[in-house]
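Here is how the chains run, residue by residue.
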Amino acid sequence: MQRSDAIIIGSGLSGLTAALELSEKEKSVIVLEKEKVIGGRTSSWDEDGMLVESGFHRHIGFYKELPRILKKAGISINQIVQWEEQVDVRVKGKKDTAVFGISPIFGPFEMVRGLIGNNHIVSMRDKLSLVPFFLKGFLEYKRNPDRLDQYSVKEFAEKHHVSENALHYLIIPLSAGVFFLPPERYSAKVFFGLFYPALPRFYKMRIGAYLGGMTELLANPIATRIEQNKGKVRTGTKVKRLIVESSQVTGVILANGEEIRASHVILAADLAGAKKILREDFAEHPAFQTLFRLPTMPAVTVQMEFSKPVLPYDRTTFGPLTILGSFVEQSRSTFTHVPGRLSIILTPPEKFIPMKEEEIIKEVIAEAYELGLDLESNLLNYRIVSHPEDFYSLEPNNDWMRPNQRTDIQGLVLAGDYTRQPYFSTMEGAVVSGLKASQVIMGES
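Note that residues are indexed from 1 along each chain, following the sequence as it is written. Only residues with pLDDT of 70 or above have their local features reported here, since the model is predicted, and side-chain atom pairs are shown and tallied only from 80 upward, although totals for entire chains, interfaces and linings are computed over all residues. Water and hydrogen atoms play no part in the side-chain values, which are based on all heavy atoms of the structure.

Asker: Lay out the overall build of the chain in plain terms, naming residues and giving numbers.
Answerer: Going along the chain from the N terminus, every DSSP run of H or I of four or more residues is numbered as a helix, and every run of E of two or more is numbered as a strand. Helix and strand counts for the chain stand at 15 helices and 19 strands. Dimensions along the principal axes, computed over C-alpha positions, put the chain at roughly 65 × 50 × 40 Å. Only protein chains enter the area calculation, which uses a 1.4 Å probe; residues under 20% of their type maximum are buried, those over 50% are exposed, and those in between are partly exposed. Residue burial in the chain is summarised as follows: out of 445 residues, 59% are buried. Only heavy atoms matter for contacts: two residues are in contact if any of them lie within 4.5 Å across the pair. Restricting to contacts in the chain with at least 6 residues of sequence separation, those with at least 24 account for 69%. Accessible surface, the chain as shown: approximately 18,500 Å² in total, 51% of it carbon and sulfur. Using the Shrake-Rupley algorithm and a 1.4 Å probe, accessible areas are obtained, with residue cover drawn only from the displayed protein chains.

Here it is in structure tokens:
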């Protein structure tokens, strides 16, 4: 029977971060991943001859902890991303595009040009209507963030008289384009909370496109460092249940019947997976009833290959008022082995979970045409990646249910971006949760 200081269930960024931190402190760790590849929601793999990733991901310039963890693994962010200082917003029906600068330091002229330009789509009056919306939102987030969770983004925008054009072409891209939810279903607390931690580091704001698959660029280097520290990372290893003795978690039982013992178990699966494992032994335990009530939300991305690029550059683009929440050409950055490559986040995702793939593609092609894009003529291949329970739900009145990393059960610690920390369903949040989980263990050791 194997024994270690810590078992980590799940090899997403939260689990890998916790394992790396503990192994750096000479703790023996075993990471268990049920899939064939590591990375969790930041994984990439070959699916029947086509390289795909778990979703369309971007690195945000103000992240602090993710770059620090990667640095420990010998990786510099600037080596693995291609930076973007602008984003595009395409207008349905008009086949027009607004370009907005997002980087005050690295692209100041583009930012000023975006603020004073694009008036044929969003007038200066529309832009000014956002000022009280953002000022009141950030102020309320600082004073009483839980009150914001009672509002949807749309309700908060209406309360502060945001114009319809500003709502459609600026707010919707930042809601449906980032987390798949339309503004009427998106918590105002989450919306402002995504940007609030960036305010002190706003000068670092820009977006990074990863220069390859995320398992290769992020997960594998961290796993390699863990193994250099004499830790273990096992794939294709499904945990059946926890070992609970005298109300204490002392290990896990694998699907093949193998038992592994440890002083601590970090449950770093996604929310749906964590619920399933916890219900085996703690279905009635009062400590987890709120966690069981925390709802999940799906995510669906379409990844398409073409005989030539669809867009003239690789840049994050939003398609408000369409099912194409956000999308990006990736043939010059992430997937350089193909002539053309497009990844698309679909919104609202629930609509597409039960649909047949050919029906989804047909609808995507039709909606893209409304944005001036031809996704039919040069299409070579496509894959649809669906996650019925990908994130915890970012709708109003859910945030208070997020659990802490420390639990009431001795030997059991939680990690994952659904756990309580300053970020919301982001890679940075996953890393922070992993750091907090490791700190719980080190504090108890």
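Moving on from the model shown.
Asker: An account of the packing of aromatic side chains is requested, with residue identities and associated values reported.
Answerer: Planes of paired rings set the category: under 30 degrees apart is stacked, over 60 is edge-to-face and the rest tilted, where pairs are Phe, Tyr or Trp rings (Trp by its six-membered ring) whose centres lie within 6.5 Å. In total, this model carries 21 aromatic pairs according to the counting rule given. Ring plane angle 35° and centroid distance 6.2 Å describe the contact between F134 and F191, whose orientation is recorded as tilted. Placement of the pair is F134 in helix α6 (residues 130-143) and F191 in helix α10 (residues 188-195), with a sequence separation of 57 residues. Taking the relative accessible area as the measure of exposure, F134 reaches 23% and is therefore partly exposed. Centre to centre, the rings of F138 and F192 are 5.5 Å apart; their planes meet at 75°, and the pair counts as edge-to-face. Of this pair, F138 sits in helix α6 while F192 sits in helix α10, and the two are 54 residues apart along the sequence. We note that F138, like F192, is buried. Of the aromatic side chains, those joined through ring pairs into one cluster are F133, F134, F138, Y141, Y151, F156, Y186, F191, F192, F195 and Y196. Sitting over the face of the ring of F292, R279 holds its NZ or CZ atom 4.6 Å from the ring centroid. Remark: a charge is flagged as sitting over a ring if the NZ atom of Lys or the CZ atom of Arg is within 6 Å of the ring centre and within 35 degrees of the ring normal.

Asker: So, the sheet that holds strand β16 (residues 324-329): which residues are in play, and what are the values?
Answerer: Pairing is mixed across the open sheet formed by seven strands, whose spatial order is β8-β7-β15-β16-β17-β14-β18. Both outer strands of the open sheet, β8 (96-101) and β18 (379-392), are each paired with one neighbouring strand and no more. The pairing of β16 with strand β17 (residues 340-346) spans five bridges and is classified as antiparallel. Along β17, the bridge assignment pairs V328 with S343. Here an angle of 0 to 180 degrees is reported between the N-to-C directions of two axes, which are lines fitted to C-alpha atoms, with helices fitted over the stretch in contact. Sheet strands touched by helix α4 (residues 108-116): β7 (86-91) and β8. Its angle to β8, the strand with the most contacts, is close to 130°. A pair of strands counts as paired when DSSP detects no fewer than two bridges linking them.

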